[in-house]
Amino acid sequence: MKKPTIVSGFSKLSKRGKIRWLVENFFVNPEEVARELKSFWYGDPQKQKIFDDFSENTISNFYLPYGVVPNLEINGDLYCVPMVIEESSVVAAAAAAAKFWLKRGGFKAEIIATHKIGQVHFDWKGDYTKLHNLFSELKERILADTAHITSNMRKRGGGISQIELVNMTHLEANYYQLKMTFETCDSMGANFINSCLEESSRSLRAFISEQDSFAVEDRDVTIIMAILSNYTPECLVRTWVECPVEDLGEFDGGNMDAATFAYKFDKALKIAHIDVHRATTHNKGIFNGIDAVALATGNDFRAIESCGHTYAARDGSYKSLSSAKVENGMFKFWLDIPLAIGTVGGLTSLHPLAKRSLEMLGNPSAEELMMVIAAAGLAQNFAAVRSLVTTGIQKGHMKMHLMNILNHLEATEKEVIVVLSHFKDKLVSFTAVRDFLNILRTNPATQ
Ligand code: MEV
């Protein structure tokens, strides 16, 4: 490999040109790597073009497993939920939780609110009271100036629902916000919100410049930035499962009764509410489910994650997003989570598999998809905590990981059968599998 050098005009090279530059500069076996990168191109060039156009400097596609979780019952409806995730046990765990709750009333879910937020951050040296007194006039101006952007959304029942003037000068000199609330119906709405905000910042500047009652030097405003907020605590969904404790059944092959399980599960949730190290891992388990469905349906999992973690810290300390309660013989487990997602626009209609995912879910509204994603997160969380307080996580994890180890060691089909059967009741580790395979391979009689 040569020492990396600065390249100019890279984005203007053709895809093949980009690959050529890359393999010649960074790989010892350029031809082989070029072939490999091209082998992940979509067979149909028209479809590949869609992927190329999603992003800049695309040279190939990066595959991840696309799996499904059948039997997830939400509010009495059955869903087969698509998930894109590389972590071995996530789909299996969610499927097991879906099956478990199917026999106990299924998942329930409700939408609490669907408001999204955007802000124009501005710097202004004028008299706050004067601007405050004129604010209803400014709001009318903003609504009129953004009407060409909001007209379609308004026809669908959405648009700008609130505009506030927020005085932040107690925290930062001359700092104010226009805080705007949006309804974006079935779209995630990021482009819509940002377009409205940029137009609103122009309205604000024009409005302030026209105010004769302001001192001349106060007729100027500096727009710092206009951007949506990914923190959407009022775009919120609640999902839950509940049943009598006795209906939980037995765990760990009969070694743990329902009451002990409920007690330990409840304690595990309390720990995730008081200990930040546990809370982070606990919430990671929730996002294993949420991100996987978000990805499969073409939604922005980074926005969802950043919002979820902020929400988890909303009262000043980072906590579990889910909660449990054992009361009057009932076990209840629930999750409140903000989810700003869409089922139209963006990747949802462009990515061929995202489109299929939505079809698989019955082409849901954004609200319905919020409930599905939240339930997948709770299912995943239930499965993880169930394993943790019963058998431990490694049993299931390593069983699923076994196939990865076997693939890594290039096991043949015959070897896979023998190894899977051997490790049925044994602890799986990379070393143990490698040693067992070595024995198999050096002793042809066992093959
Ligand atoms: C692993 O990806 C997720 C878990 O660690 C979640 C948890 O501990 O609750 C199993």
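Counting restarts for each chain: residues are numbered from 1 in the order of the written sequence. In keeping with the model being predicted, local features are shown solely for residues with a pLDDT of at least 70 and side-chain atom pairs are shown and tallied solely at 80 or more, while totals for entire chains, interfaces and linings include all residues. Excluding hydrogens and water, the side-chain values take into account all heavy atoms of the structure.

Looking up the protein in an unreviewed UniProt entry gives the name Hydroxymethylglutaryl-CoA reductase (EC), with the organism given as uncultured Aureispira sp. UniProt positions are given in the numbering used here, feature names are shortened, and annotations may be inferred rather than shown by experiment. According to the UniProt record, the Sequence similarities (unreviewed entry) comment for the protein is "Belongs to the HMG-CoA reductase family."

> Got a sec to walk through the sheet that holds strand 3 (residues 108–114)? Specific residues and values, please.
Ordered by their spatial adjacency, four strands build an open sheet running 3-8-10-9, and the pairing between neighbours is antiparallel. One side of each edge strand has no neighbouring strand; the edge strands of this open sheet are strand 3 and strand 9 (322–327). Taking the axes of each pair of neighbouring strands and ignoring which way they run, one obtains an average angle of 15° across the sheet. Two strands pair if DSSP finds at least two bridges between them. Numbering of helices and strands starts at the N terminus; helices are DSSP runs of H or I of at least 4 residues and strands are runs of E of at least 2. Where strand 8 (residues 235–244) meets strand 10 (residues 330–338), nine bridges bridge the pair, whose relative direction is antiparallel. Its bridge partner lying in strand 10, V241 is registered against F333. We call two residues in contact when some of their heavy atoms are within 4.5 Å. Inter-axis angles, ranging from 0 to 180 degrees, are taken between N-to-C directions of lines fitted to C-alpha atoms, where helices are fitted over the stretch in contact. The sheet contacts of helix 14 (residues 366–389) involve strand 3, strand 8, strand 9 and strand 10, and relative to strand 8 the element is tilted by about 50°.

> Help me get a handle on the pattern of salt bridges, residues and values and all.
One side chain can pair with another of opposite charge once the charged atoms of both are near each other. The salt bridge definition used is simple: a Lys or Arg side-chain nitrogen within 4 Å of an Asp or Glu carboxyl oxygen. Counting across every chain of the model gives 17 salt bridges. For the salt bridge of D53 with K49, the shortest nitrogen-to-oxygen distance reads 2.6 Å. On the criterion of helical spacing, the pair formed by D53 and K49 is a turn pair, its members being four residues apart in helix 3 (residues 45–54). With a relative accessible area of 46%, K49 lands in the partly exposed category. Put simply, E359 and R356 hold a salt bridge, and the shortest N to O gap is 2.8 Å. With E359 and R356 both in helix 13 (residues 352–360) and three residues apart, this pair spans about one turn of that helix. Accessibility here uses a 1.4 Å probe with only protein chains present; expressed as a share of the type maximum, an area under 20% marks a residue as buried, one over 50% as exposed, and anything in between as partly exposed. You can call E359 partly exposed: its relative accessible area is 45%. Here the salt bridges share partners, and the residues they tie into one network are R20, E24 and E31.

> Any details on the side chain of S229? Residues and values, ideally.
Mapped onto the secondary structure, S229 falls in strand 7 (residues 222–229). Given a relative accessible area of 17%, S229 falls into the buried group. Here a polar contact is taken to be a pair of N or O atoms separated by no more than 3.5 Å, where protein atoms must pair a possible hydrogen donor with a possible acceptor and residues adjacent in sequence count only if both atoms sit in side chains. Here the side chain of S229 touches Y231 through a polar contact of 3.0 Å, landing on its backbone nitrogen. Setting aside residues no more than four positions away along its own chain, S229 makes contact with I117, G118 and Q119.

> Explain the packing of helix 10 (residues 276–296) against helix 14 to me, and be specific about the residues and the numbers.
For the pair helix 10 and helix 14, the least separation of the axes is 7 Å and the interaxial angle reads 135°. Classified by the angle between their axes, helix 10 and helix 14 sit oblique to one another. When the axes of helix 10 and helix 14 are compared, the crossing they make is right-handed. Residues R278, H282, G285, I286, N288, G289, I290, V293 and A294 of helix 10 form the contact with helix 14, whose participating residues are I373, A376, G377, Q380, N381, V385 and L388. The residue classification treats Ala, Val, Leu, Ile, Met, Phe, Trp, Tyr, Cys and Pro as nonpolar and Asp, Glu, Lys and Arg as charged. All others, Gly included, are polar. Split by residue class, the contact of helix 10 with helix 14 holds eight nonpolar, seven polar and one charged. For classification purposes, angles smaller than 35 degrees are called roughly parallel, those larger than 145 roughly antiparallel, those between 65 and 115 roughly perpendicular, and all remaining angles oblique. A crossing counts as left-handed when the near helix is turned anticlockwise from the far one by less than a right angle, and as right-handed when that turn is clockwise.

> Summarise helix 13; cite the residues concerned and give the values.
Within helix 13, burial applies to P352, A354, S357 and L358. Of the surrounding elements, those touching the buried residues of helix 13 are helix 3, strand 1 (66–74), strand 2 (77–84), helix 10, helix 12 (347–350) and helix 14. Looking one or two residues beyond helix 13, the residue adopting positive phi is G362, at roughly 80°.

> Could you give me a rundown of unusual backbone geometry, with the residues and numbers involved?
A positive phi is found at N174, a non-glycine position, where the angle reads about 65°. The topology assignment puts N174 in the loop between strand 5 (159–167) and strand 6 (175–183). Here N174 falls in the partly exposed class, since its relative accessible area comes to 24%. Of note in this structure, N363 is not a glycine but carries a positive phi near 45°. Tracing the backbone shows N363 in the loop between helix 13 and helix 14. The class for N363 is exposed, based on a relative accessible area of 56%.

> Mind laying out the sheet that holds strand 6, listing which residues take part and the relevant values?
Taken in spatial order, the four strands of this open sheet run 5-6-4-7, and their pairing is antiparallel. In this open sheet, the two strands that pair with only one neighbour each are strand 5 and strand 7. Each neighbouring strand pair of the sheet contributes to a mean axis angle of 15°, computed without reference to strand direction. As paired elements, strand 4 (residues 116–123) and strand 6 share eight bridges and run antiparallel to each other. In the strand pairing of strand 6, G118 is matched with M180. The sheet strands contacting helix 6 (residues 135–145) are strand 5 and strand 6, and the helix crosses strand 5 at an angle near 145°. Across the sheet, helix 8 (residues 190–209) lies against strand 4, strand 5, strand 6 and strand 7, angled at about 160° from strand 7, the strand it touches most.

> Outline the environment of S349, supporting the account with residue identities and numerical values.
Checked against the element boundaries, S349 lands in helix 12. Residues S349 and M371, spaced 22 residues apart in sequence, show a C-alpha to C-alpha distance of 20 Å.

> Account for a nonpolar patch on the surface, with residues named and values stated.
On the surface, F54, L347 and L350 cluster together into a nonpolar patch covering about 240 Å² of accessible area. By relative accessible area, which is 46% here, L350 ends up partly exposed. The patch calculation keeps residues exceeding 30% relative accessible area without a salt bridge and links them within 9 Å when they carry like charges or within 5 Å when they are nonpolar (Val, Leu, Ile, Met, Phe, Trp, Tyr). In these tables, accessible area is a Shrake-Rupley quantity obtained with a 1.4 Å probe, and a residue counts as shielded only by the protein chains included in the view.

> Quick rundown of the packing of aromatic side chains? Include the residues and the values.
Any two aromatic rings considered together are summarised by their centre-to-centre distance and by the angle between their planes. Any two of the Phe, Tyr and Trp rings considered here, Trp counted by its six-membered ring, make a pair once their centres fall within 6.5 Å; the pair's planes then place it as stacked at under 30 degrees, edge-to-face at over 60, or tilted in between. Scanning the entire structure with this criterion turns up 24 aromatic pairs. Taking 5.9 Å as the distance between ring centres and 10° as the angle between the ring planes, the aromatic pair formed by Y128 and Y176 counts as stacked. Of this pair, Y128 sits in helix 5 (residues 128–133) while Y176 is found in strand 6, placing the two residues 48 residues apart along the sequence. Assessed through its relative accessible area of 25%, Y128 is described here as partly exposed. Relative accessible area serves as the criterion here: at 4%, Y176 is assigned to the buried category. With centroids separated by 6.1 Å and ring planes inclined at 85°, the aromatic side chains of F182 and F192 adopt a geometry described as edge-to-face. With a gap of ten residues between them, F182 in strand 6 and F192 in helix 8 connect regions that are remote in the sequence. Here K15 stacks its cationic end above the ring of W41, 4.0 Å away from the centre of that ring. Geometrically, a charge over a ring is one whose NZ (Lys) or CZ (Arg) sits within 6 Å of the ring centre while staying within 35 degrees of the ring normal.

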